[in-house]
Amino acid sequence: MSAGAAELLAQRDRTLVMGVVNVTPDSFSDGGEWFEPVAALGHGREVFEAGADIVDVGGESTRPGAERPSVEEELRRVAPVVSDLVEHGAVVSIDTMRAEVARVAVELGAAIVNDVSGGLADPEMVPWVAEAGVPYIAMHWRGHSTHMQSRAIYTDVVGEVLYELGVRRDELLAAGLDAERLVLDPGLGFAKNAEHNWALMAALPELHDLGQPILLGASRKAFLGRLGRAEHDSPRPAPERDLETTATSVMAAMAGLWCVRVHDVASTVRALAVVETAVRHLPDEDAAQ
Ligand code: PMM
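Computed from a prediction, not measured in an experiment: that's the story for all the values here. (Residues numbered from 1 in each chain as written. Predicted model: local features only at pLDDT ≥ 70, side-chain atom pairs only at ≥ 80, totals over all residues. Heavy atoms only, no water.)

## What about the overall build of the protein chain?
- Along the backbone of the protein chain there are 11 helices and 8 strands.
- Since a compact globule built from 289 residues should have a radius of gyration of about 19 Å, the 18 Å found for the protein chain is in line with a globular shape.
- Seen along its three principal axes, the alpha-carbon backbone of the protein chain occupies a region of about 60 × 50 × 40 Å.
- Counting every position in the protein chain, which comprises 289 residues, the buried fraction comes to 53%.
- Taking all contacts inside the protein chain whose residues are at least 6 apart in sequence as the whole, residues at least 24 apart take part in 67%.
- Carbon and sulfur atoms form 54% of the exposed surface of the protein chain, whose accessible area is close to 12,900 Å². (Helix = DSSP H or I, 4+ residues; strand = E, 2+ residues; numbered from the N terminus. Rg over C-alpha atoms; globule rule 2.2 N^0.38 Å. Buried < 20%, exposed > 50% of the residue type's maximum accessible area, 1.4 Å probe, protein only. Contact = heavy atoms within 4.5 Å. Areas by Shrake-Rupley, 256 points an atom, 1.4 Å probe, with all protein chains shown as cover.)

This is the structure in structure tokens:
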């Protein structure tokens, strides 16, 4: 494991910021703005320079209904961006459900694998991660984008997500993953409607019951775009959801989560500095005794 990634995984004094670089023609959150190679490289560096602790590079859109690119196409998209960011000193995570893409990205210097399927999409992913010993982010997942919304059925979304993530954690550890290198994520928006996402947002501290560092990916998701809009109005466009995103980042930091995954890094970095500074001013319990 790289020194940078090891240090970040052990970080508990503040909530980390993961900046998103989607090299896709159809990502819902940035509409494919960074698809062209030159734009993708430039955007990657902007995200890093804005203060991201981790830069998350992905080449497959997970927007509901999205078609999957081939492995070759996914690699063509992400490889130059991963290499460039690594060269510039960034800690890079590769956002992929494919073992082959993860393997090549790690060879190029990516330090973390971020798998929205938690290893369920590609049977080769978990054995490879176990063998490579690379830090792994496993998200709560019920199926590919083409049919995930039909699986957004829960009677108790918080209880069920915690249960299913707990089962996945146990399976991943049994498969040989190192508990010190495993991060879990409730997967907002993945097989979840707005009500489900809000219920999870209201229960962030409960995610600690899983006993692993937690990452939250609320940034620019549709449930935030509907706030303050009449039912019949269209949601606010994704790039205009950063204020709401920043509020979710603050909630995550107040709940003591490990990391937030966001598109606009600068606003979250500044908001989290407020939380971090206030937390540092908490009375020292030991000294008070
Ligand atoms: N969301 C998206 C993509 N990758 N990874 C993790 N770990 N958690 C998420 O919530 C997550 C993710 C989809 O959002 P995007 O299109 O804005 O990248």
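From this point, things continue past the structure.
## Some remarks on helix H3 (residues 71-87)
- Here H3 is 17 residues long and its end C-alpha atoms lie 24 Å apart, about the 24 Å a rise of 1.5 Å per residue gives.
- The axis of H3 is deflected most strongly, by about 30°, at Val-78, and proline Pro-80 appears within four residues downstream.
- Buried positions along H3 lie against strand E1 (16-22), helix H2 (37-49), strand E2 (54-58), strand E3 (92-95) and helix H4 (99-107).
- With its phi angle positive at about 90°, Gly-89 sits one or two positions after the end of H3. (Expected span 1.5 Å × (residues − 1). Bend = angle between axes of the 7 residues up to and from the residue.)

## Looking at the packing of aromatic side chains
- Applying the stated criterion across every chain yields a total of 1 aromatic pair.
- Ring centres of Trp-198 and Phe-223 lie 4.9 Å apart, and the angle between their planes is 75°; this geometry places the pair in the edge-to-face category. Of this pair, Trp-198 sits in helix H7 (residues 194-201) while Phe-223 sits in helix H8 (residues 222-225), and the two are 25 residues apart along the sequence.
- Using a relative accessible area of 29% as the deciding quantity, one classes Trp-198 as partly exposed. (Phe/Tyr/Trp six-rings, centres within 6.5 Å; stacked < 30°, edge-to-face > 60°.)

## Observations concerning the site of the ligand
- Residues in close proximity to the ligand total 18 residues, the closest being Asn-114, Asp-185, Lys-221, Arg-261 and His-263.
- Asp-95 places a side-chain nitrogen or oxygen 2.9 Å from a nitrogen atom of the ligand.
- At a separation of 2.7 Å, an oxygen atom of the ligand approaches a polar side-chain atom of Lys-221.
- Within the complex, the protein chains bury 98% of what would otherwise be the 410 Å² of accessible surface of the ligand.
- Put simply, the parts of the chain that give the shell around the ligand at least two residues each are E1 and strand E5 (136-139). (Near = heavy atom within 4 Å. Polar contact = N/O pair within 3.5 Å; in protein donor to acceptor, adjacent residues only side chain to side chain.)

## As for the sheet that holds E2
- Here we have 8 strands laid out as an open sheet, ordered E6-E5-E4-E3-E2-E1-E8-E7, and parallel in their pairing. Looking at strand neighbours, the two that pair on one side only are strand E6 (182-185) and strand E7 (215-216), the edges of this open sheet.
- Pairing between E2 and E3: 4 bridges, direction parallel. Looking at E3, one finds that Asp-56 is bridged to Ser-93. (Pairing = 2+ DSSP bridges.)

## Some thoughts on the pairing of E5
- Burial of E5 is two-sided: the residues Tyr-136 and Ala-138 facing one way and the residues Ile-137 and Met-139 facing the other way are all buried.
- Bridge analysis of strand E4 (residues 112-115) against E5 gives 3 bridges, and the strand direction is parallel. When the sheet's bridge partners are listed, Val-113 is paired in E5 with Tyr-136.
- In this region the chain leaves E4, passes through helix H5 (residues 125-132) and returns to the parallel neighbour E5; the handedness of that crossover is right-handed.
- Relative to E6, E5 runs parallel, the two sharing 4 bridges. Bridge assignment links Ile-137 to a residue of E6, and that residue is Val-183.
- You can see the chain leave E5, run along helix H6 (residues 157-174) and come back into E6, and the turn it takes is right-handed. (Right-handed = clockwise from strand over helix to strand, strands pointing away.)

## Considerations on the packing of H6 against H7
- Close contact between H6 and H7 brings their axes to 9 Å; oriented N to C, the two are set at 75°. The angle between the axes of H6 and H7 places the two elements in the roughly perpendicular class. Facing H6, whose interface residues are Val-157, Val-158 and Val-161, H7 presents His-196, Ala-199 and Leu-200. (Axes fitted to C-alpha atoms, helices over the stretch in contact; angles between N-to-C directions. Parallel < 35°, antiparallel > 145°, perpendicular 65-115°, else oblique.)

## Some words on the pattern of salt bridges
- Counted according to the given criterion, the structure contains 17 salt bridges.
- Here Arg-168 ties to Glu-171 by a salt bridge, and the two come within 2.5 Å at their closest N and O atoms. Of this pair, Arg-168 and Glu-171 both sit in helix H6, 3 residues apart, roughly one helical turn.
- The buried category is assigned to Arg-168, whose relative accessible area is 13%.
- In this structure, the salt-bridge partner of Glu-244 is Arg-236, at a minimum N-O distance of 3.3 Å. Of the two residues, Glu-244 and Arg-236, both sit in the buried class.
- Overlapping salt bridges, with partners in common, bring together Asp-56, Asp-95 and Arg-261 in one network. (Salt bridge = Lys/Arg side-chain N within 4 Å of Asp/Glu carboxyl O.)

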